[in-house]
Amino acid sequence: IQLVKKPSRYLGSPFFAIHGLPKRSWFSKPIKYGRTRIDQLPQIKSWPMDGGAFITLPQVFTLGPGETNMMKSNLGMYRIQLSGNDYQMNEEIGLHYQLHRGIGVHHTAYNSSDKPFRVSIFVGGPPSHAFAAIMPLPEGLSELTFAGLLNSRAFRYFKHQEHILSSQADFCIVGTVVKGQKKREGPFGDHLGYYSLDHDFPLMKVDAVYHRKDPLWHFTVVGRPPAEDSSFGYLIHELVKDLAPAEFPGLIEVNAVDAAGVHPLLLAIGSERYMPFREKKPEEILTIANHLLGKGQTTLAKFLIIADIADDTTLSTHQIADFFKHVLQRIDWRRDLHFQTKTTMDTLDYSGDGWNGGSKVVMACCGSPIRTLTNEVPKDFSLSSDFPSWNISIPGILFIQSKPWMNQKAANKEMERLAESLKRFDLSGLPLVVVCDSASFATQTLNNFLWVTFTRANPSHDIFGVDAFTEYKHWGCRGSLIIDARIKTHHAPALVTDDVVSERVDRLFKKGGELHGII
């Protein structure tokens, strides 16, 4: 942890820094013990609609064209499809990545080069290697350096037939990405709790598959969060939380909310220091919010909610219920909503108006409370048959069940009618209204609220308001904010467990089962 927080302190020690230098293996090469084929690897299909078997904990290694300096390599965790679709077994596999990622930068460079784009996929080895592949490292710090320092042992590698192999991996698949050719990859049950659908992605021709003696196949199962991969997010949070203020001046704390799929919802706390002697309103925290949306992994945020530390020095983004209470007590929907429309968003998020396209919204608040939250609707509260039920589980948030979403035009009219109906009631203590397919499900747990609300809404299309207005291109509302969090027809299917598989797994852990008392 201290390595990431204070790298200069540790890199300055020659006895420690030497572990950060990748080391070439001249004699010991465990990965060369044997060779196998793709069809002999574990064919793990996690969800019923998955397009085939996937590697879920790969370390994908690339170098740029003509590059030999290992410190300028990229080691990332990108999805690998081993079988299914139109892939020729043992000859082809699919790679899922975006062009702005490290490997994507290399891909673009190779497209302008006459050199073959060689890729190595490592599975297993020291845990620090897999963790380095997912770690959002500071600019200039190599994943191989981080892996070696974290493991207190240099990353060992060697070159074999023009490919780089990790000496310590359990398995290594090497091949060449075919320039200008793609095949359908997916679907895949992903960490947002939905399937990422099949799309055209790069194709890799397999040259060889190596393994060490008695190898272990490392994998994880992803699905609706929190899941197994949530532990990675927790570790990353712990490692980078003290770095955030240096990377984003004025930022106190940030939390990419795991239960909401990580990227759809970002909670942040900043320091509001501008103009202390006049009316307090979000100013510096808006600058911080724009910085977060403009750099690194936080650019993928869809809903960014930011508060001022001066209003409550005990406030934490990780105490999510308390954070929402703090924000809903203070936020002024007339002023504190700031949209970015027709922009890019996470490729795995299908709530937008096109693949990899959608919008973002910043909700910023500071100052004293302007309302008292309630967990009750007015006694005379009633709605039309289009909205048959409602519920409140979190003070200040009213969940209203609606009929299924049909299309955007119809939804706009439905939400406008709802907003007009809500004007008849005093909802000052309920500043947020979430329209959903099932009010009972959305209010069952805090995690259900987070997952339903922020994975199923596209801010520009699905935010409405009571007594809404537009003033010089700024949109706001004088009454409650409405988020249409129903499942849309263009959304990817939600992950649903296979009952047969679930029962089979349960039997393993029951008395008399093979895993009873072990895990």
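The rules behind each value
Residues numbered from 1 in each chain as written. Predicted model: local features only at pLDDT ≥ 70, side-chain atom pairs only at ≥ 80, totals over all residues. Heavy atoms only, no water. Helix = DSSP H or I, 4+ residues; strand = E, 2+ residues; numbered from the N terminus. Rg over C-alpha atoms; globule rule 2.2 N^0.38 Å. Buried < 20%, exposed > 50% of the residue type's maximum accessible area, 1.4 Å probe, protein only. Contact = heavy atoms within 4.5 Å. Areas by Shrake-Rupley, 256 points an atom, 1.4 Å probe, with all protein chains shown as cover. Lys, Arg positive; Asp, Glu negative; His and termini not counted. Charge placed at Lys NZ, Arg CZ, Asp CG, Glu CD. Pairing = 2+ DSSP bridges. Axes fitted to C-alpha atoms, helices over the stretch in contact; angles between N-to-C directions. Parallel < 35°, antiparallel > 145°, perpendicular 65-115°, else oblique. Left-handed = near helix turned anticlockwise from the far one by under 90°. Nonpolar A, V, L, I, M, F, W, Y, C, P; charged D, E, K, R; others polar. Phe/Tyr/Trp six-rings, centres within 6.5 Å; stacked < 30°, edge-to-face > 60°. Lys NZ or Arg CZ within 6 Å of the ring centre and 35° of its normal. Polar contact = N/O pair within 3.5 Å; in protein donor to acceptor, adjacent residues only side chain to side chain.

**Some details on the overall build of the chain**
Broken down by element type, the chain carries 15 helices and 26 strands. Here the C-alpha atoms of the chain give a radius of gyration of 25 Å, agreeing with the 24 Å that 2.2 N^0.38 yields for 519 residues. C-alpha extents for the chain along the principal axes are approximately 80 × 55 × 55 Å. Here the chain, with 519 residues, has 53% of them falling under the buried criterion. Taking the intrachain contacts of the chain between residues at least 6 apart in sequence as the baseline, contacts between residues at least 24 apart amount to 70%. Taken as a whole, the chain presents about 24000 Å² of accessible surface, with 53% of it coming from carbon and sulfur. One finds the centroid of the 56 positive side-chain charges in the chain at a distance of 5 Å from the centroid of its 54 negative side-chain charges.

**Points about the pairing of strand E24 (residues 468–471)**
The pairing of E24 with strand E25 (residues 474–477) spans 4 bridges and is antiparallel. The residue bridging Phe469 from the neighbouring strand is Gly476, located in E25. The turn linking E24 back onto E25 is made up of 2 residues, and Tyr472 within it adopts a positive phi angle of 50°.

**Some details on the packing of helix H5 (residues 127–134) against helix H6 (residues 143–151)**
Where H5 contacts H6, the two axes come as close as 8 Å, and the packing angle between them is 140°. Judged by the angle between their axes, H5 and H6 are oblique. Judged by the sense of rotation from one axis to the other, the crossing of H5 with H6 is right-handed. For the pair H5 and H6, contact is made by Ser128, His129, Phe131 and Ala132 and by Glu143, Phe146, Ala147, Leu150 and Asn151, respectively. Classifying every residue of the contact of H5 with H6 gives 5 nonpolar, 3 polar and 1 charged.

**Let's talk about the packing of aromatic side chains**
Using the criterion set out here, one finds 17 aromatic pairs in the structure. Measuring from centroid to centroid gives 5.0 Å for Phe303 and Phe454, while their planes differ by 75°, and the two rings are edge-to-face. Placement of Phe303 in strand E17 (residues 303–308) and of Phe454 in helix H13 (residues 446–455) is noted, with a sequence separation of 151 residues between them. Take Phe303: its relative accessible area is 0%, and that puts it in the buried class. Among the residues examined, Phe454 registers a relative accessible area of 2% and is labelled buried. The interplanar angle of 40° and the centroid separation of 6.1 Å between the aromatic rings of Phe324 and Phe454 together place this pair among those described as tilted. Highlighted residues: Phe324 in helix H10 (residues 320–330) and Phe454 in helix H13, separated in sequence by 130 residues. We note that Phe324, like Phe454, is buried. What links up through ring pairs into an aromatic cluster is the set Phe303, Phe324, Phe399, Phe449 and Phe454. A cation sits over an aromatic face here: Arg456 above Trp451, 4.8 Å from the ring centre.

**Re the side chain of Thr455**
Within the secondary structure layout, Thr455 lies in helix H13. Here Tyr194 takes part through its side chain, which lies 2.7 Å from a polar atom of the side chain of Thr455. Contact partners of Thr455, with chain neighbours within four places excluded, come to Leu192, Tyr194, Ala260, Pro264, Lys302, Asp349, Ser351 and Leu450.

**Observations regarding the sheet that holds strand E23 (residues 463–465)**
Pairing is mixed across the open sheet formed by 5 strands, whose spatial order is E20-E21-E22-E26-E23. Only two strands of the sheet have a single neighbouring strand rather than two, namely strand E20 (389–394) and E23. Across the sheet, the axes of successive neighbouring strands diverge by a mean angle of 25°, strand direction being ignored. Relative to strand E21 (residues 397–401), E20 runs antiparallel, the two being bridged by 4 bridges. Residue pairing in the sheet places Asn391 in a bridge with Phe399 of E21. The sheet strands contacting helix H11 (residues 408–422) are E21, strand E22 (432–436), E23 and strand E26 (481–484), and the helix crosses E26 at an angle near 150°.

In short, geometric facts, not functional conclusions.
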